[in-house]
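Below are the chains, spelled out letter by letter.
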Amino acid sequence: MTDFFKGISPVKFEGPSSASPLAYHHYNKDEMVLGKRMEDHIRPAAAYWHSFAWEGGDPFGGRTFDRPWFGKGMEGARLKADVAFEMFDLLDMPFFCFHDADVAPEGATLAESNKNVREIADIFAKKMQTSRTRLLWGTANLFSNRRYMSGAATNPDPDVFAYAAGQVKQMLEITHQLGGSNYVLWGGREGYETLLNTKVRDELDHAARFLTLVIEHAKKIGFTGTILIEPKPQEPSKHQYDYDVATVYGFLKTYGLEKEVKVNIEVGHAFLAGHSFEHELAMARAFGILGSVDANRNDLQSGWDTDQFPNNPAELVPAFYQILKNGGLGNGGFNFDAKVRRQSLDPADLLHGHVGGLDVLARALKGAAALISDGTYDKTVDARYAGWQTPAAQAMLKSESLADIAARVDKENVNPQPRSGQQEYLENLINRFV
Ligand code: XLS
Ligand code: NI
Ligand code: NI
């Protein structure tokens, strides 16, 4: 035991009337919702990078946090691992996620860096024998080091492609050995700063080749988890190829990979793309590629990917509706890709962030489940499309030609009458279940 969280007891479910700030008020992991445990619906995960690697910097100032493992090399990395699992245990967190670079310092060569990461992964494996926390997904950091400034798989320099391959190979293998449920690829540098120096089609071909190599290696080592692409339109690059769910699907289709890969949708990235979170979920559901979620929120005034913990259940009910209608997230879950603010210096702040986030998700889940159980909402939307059940409408979809359809309009004097879309009615209906 370290003394990092000294004096803090494990967070328990105490119900909505409890005044204790470090208790779950709504997140009750064993509560059954639509026939499934709440924890199995949400499958929440803590993100190693935000809670343990991020130092509290912003564009105008550096480190604000003073963690005992900062700047201490491998000894610090081991301490960080201890503290991370202490936090997972305190929160009763069923999953975590990490990048290679989050857990161990980079060495002078790829081999040295990989050796450092491997040592910490072995420590994780040992800790996972006594902790209940499992790996939701692993990933490689292909964006922080300056070698990646012009991209990883899409770098004009093939040596960078090769280096990235060396990192991903190891992280895939580590993810597999730790029993990870998914492997994530987020391409923060896969895009461009200016089109003036960029061969777009070449870069897309290289990105597809890289992804194919990842899929092949996953199969070769027997990794049966899901490979996920995490869309984001920009930041850090001016433009990122994995712009949003629809763009990713187009990319996967172009290269014949749409059956092999799903998406990890992040709330804040959806906003950056000019969409709502539920829009991205609905598109992924429509294409059959909904894999997992990065839960957070942006500060809507700043227009930046601020990675704050979610705090508005009302906003998330339509999102959970999409997830429940998708039949859940399968292998996926809700990774808190969220960090406490740079003034939130105390170890307890890390717990407040996660506790609040989980309570918000629990309320949204229950709201969406109640909405579905009530049935009025689905009935109203189905009624809007009921005309498509008639034989004439079905014939348009299956057999009639354009000329047949035109002739029928004349013959039967088809004359559509506009009907209300009932938006306000539906908004009010959903608010009843928040
Ligand atoms: C950054 C991304 C990143 C991925 C993992 O905006 O959200 O944190 O989730 O590389
Ligand atoms: Ni993000
Ligand atoms: Ni993310």
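Residues numbered from 1 in each chain as written. Chains lettered and ligands numbered in written order. Predicted model: local features only at pLDDT ≥ 70, side-chain atom pairs only at ≥ 80, totals over all residues. Heavy atoms only, no water.

The chain has the name Xylose isomerase in an unreviewed UniProt entry, where Devosia nanyangense is given as its organism. UniProt annotates the chain under Sequence similarities (unreviewed entry) with the comment "Belongs to the xylose isomerase family." UniProt lists a comment for the chain under the heading Catalytic activity (unreviewed entry), and it reads "alpha-D-xylose = alpha-D-xylulofuranose". (UniProt positions renumbered as here; feature names shortened; annotations may be inferred.)

Draft legend 1. Representation of the side chain of Asp244 in the model. Take Asp244: it is sitting in the loop between strand 9 (239-240) and helix 8 (245-254). A distance of 2.8 Å separates polar atoms of two side chains, one belonging to Asp244 and the other to His275. Once residues within four sequence positions are removed from consideration, Asp244 is found in contact with Pro231, Ala273, His275 and Glu280. (Helix = DSSP H or I, 4+ residues; strand = E, 2+ residues; numbered from the N terminus. Polar contact = N/O pair within 3.5 Å; in protein donor to acceptor, adjacent residues only side chain to side chain. Contact = heavy atoms within 4.5 Å.)

Draft legend 2. Inspection of empty space enclosed by the protein at higher detail. Tallied over the entire structure, the rule returns 2 cavities of 30 Å³ or more. Put simply, the largest cavity is a space of about 260 Å³. Residue lining of the largest cavity: 21 residues in total, with Ala153, Leu185, Gly187, Glu190 and Asp242 positioned closest to the centre. Listing elements by their share of the lining of the largest cavity, those giving two or more residues are strand 6 (182-185) and helix 7 (200-221). A class-by-class count of the residues in the lining of the largest cavity yields 15 nonpolar, 3 polar and 3 charged. Lining the second largest cavity are Pro231, Lys232, Pro233, Tyr243, Asp244, Val245, Ile265, Glu266, His269, Ala270, Ala273 and Glu280. Looking at the lining of the second largest cavity residue by residue, the classes come out as 7 nonpolar, 1 polar and 4 charged. (1 Å grid on protein atoms, 1.4 Å probe; cavity = no way out; pocket = protein on both sides within 12 Å on 5 of 7 lines; lining within 4 Å. Points joined across faces, edges and corners; volume = space filled by probe spheres on them. Nonpolar A, V, L, I, M, F, W, Y, C, P; charged D, E, K, R; others polar.)

Draft legend 3. The arrangement of the UniProt feature "binding site: Mg(2+) 1" (unreviewed entry) in the chain in detail. UniProt annotation of "binding site: Mg(2+) 1" (unreviewed entry) refers to Glu230, Glu266, Asp294 and Asp337 when read in the numbering used here. In sequence the annotated residues extend across 108 residues, while in space they remain close, none of their C-alpha pairs exceeding 11.8 Å. Among the annotated residues just listed, those lining the second largest cavity are Glu266. Note on Glu266: relative accessible area 1%, which makes it buried. With residues near it in sequence (within four places) discarded, Glu266 still touches Glu230, Asp294, Asn296, Asp305, Asp307 and Asp337. (Buried < 20%, exposed > 50% of the residue type's maximum accessible area, 1.4 Å probe, protein only.)

Draft legend 4. Quick peek at the coordination of the nickel ion (ligand 3). Binding of the nickel ion (ligand 3) to the protein goes through Glu230 (OE), Glu266 (OE), Asp294 (OD) and Asp337 (OD), at separations of 1.9 to 2.1 Å. For the nickel ion (ligand 3), the 6 donor atoms in the first shell make angles of 81 to 175° at the metal, so the coordination geometry reads as octahedral. When the donor residues of the nickel ion (ligand 3) are listed from N- to C-terminus, their spacing reads E-x35-E-x27-D-x42-D. Here the nickel ion (ligand 2) and the nickel ion (ligand 3) are spaced 3.7 Å from one another, each receiving a donor from Glu266. Taken together, the residues Glu266 in strand 10 (residues 261-266) and Asp337 in the loop between strand 14 (334-336) and helix 12 (347-374) connect sequence positions 71 residues apart. (Donors = N, O, S within 2.8 Å, 3.2 Å for Na, K, Ca; no water. Tetrahedral: all angles 85-135°; square planar, octahedral: opposite > 155°, others 65-115°.)

Draft legend 5. Representation of the nonpolar core in the model. Membership of the largest hydrophobic core comes to 108 residues, with the highest contact counts inside it found for Tyr48, Phe88, Phe98, Phe124 and Leu211. Non-local contacts of Phe88, meaning those with residues more than four positions away in its chain, are made with Ala46, Tyr48, Phe52, Met93, Phe96 and Thr133. Listed in part, the 9 residues of the second largest apolar core include Ala45, Ala47, Leu136 and Val184. (Core = buried A, V, L, I, M, F, W, Y, C linked by side-chain atoms within 4.5 Å.)

Draft legend 6. Region of the structure containing the UniProt feature "active site" (unreviewed entry) in the chain. If you check UniProt for "active site" (unreviewed entry), the listed places come out as His99 and Asp102 in our numbering. Of the annotated set, the members that line the largest pocket are His99 and Asp102. Mapped onto the elements of the fold, His99 is located in strand 4 (residues 95-99). Accessibility expressed as a relative area gives 8% for His99, which makes it buried. If near-sequence neighbours (up to four positions away) are discounted, His99 is found in contact with Trp49, Thr139, Ala140, Asn141 and Phe143. Other than its neighbours up to four places away in sequence, Asp102 contacts Tyr48, Trp49, Ala53 and Lys80.

Draft legend 7. Structural view of the coordination of the nickel ion (ligand 2). Surrounding the nickel ion (ligand 2) are the protein donor atoms Glu266 (OE) and His269 (NE2), which sit 2.1 to 2.2 Å from the metal. Its 4 donor atoms give the nickel ion (ligand 2) angles of 76 to 177° at the centre, a pattern that matches the irregular case.

Draft legend 8. Highlighting the layout of surface pockets. Of the pockets and cavities examined, the largest pocket occupies roughly 1300 Å³. In terms of lining residues, the largest pocket is bounded by 50 residues, among which Trp49, His50, Trp54, Phe143 and Lys339 are the most central. Those elements that provide at least two residues to the lining of the largest pocket are helix 2 (48-53), helix 4 (100-103), helix 5 (110-127), strand 5 (134-139), helix 6 (158-177) and strand 13 (304-308). Considering every element that reaches the lining of the largest pocket, the biggest residue donor is strand 13, with 5 residues.

Draft legend 9. The arrangement of the sheet that holds strand 11 (residues 290-295) in detail. Spatially, 3-4-5-6-8-10-11-14 is the arrangement adopted by the 8 strands of the closed barrel, whose pairing is parallel. Adjacent strand axes in the sheet meet at a mean angle of 30° when their direction is disregarded. Summarising the sheet, strand 10 and strand 11 pair through 4 bridges and their orientation is parallel. Along strand 11, the bridge assignment pairs Asn264 with Ser292. In the packing of helix 12 onto the sheet, the strands contacted are strand 3 (44-47) and strand 14, and the crossing angle to strand 14 comes to about 150°. (Pairing = 2+ DSSP bridges. Axes fitted to C-alpha atoms, helices over the stretch in contact; angles between N-to-C directions.)

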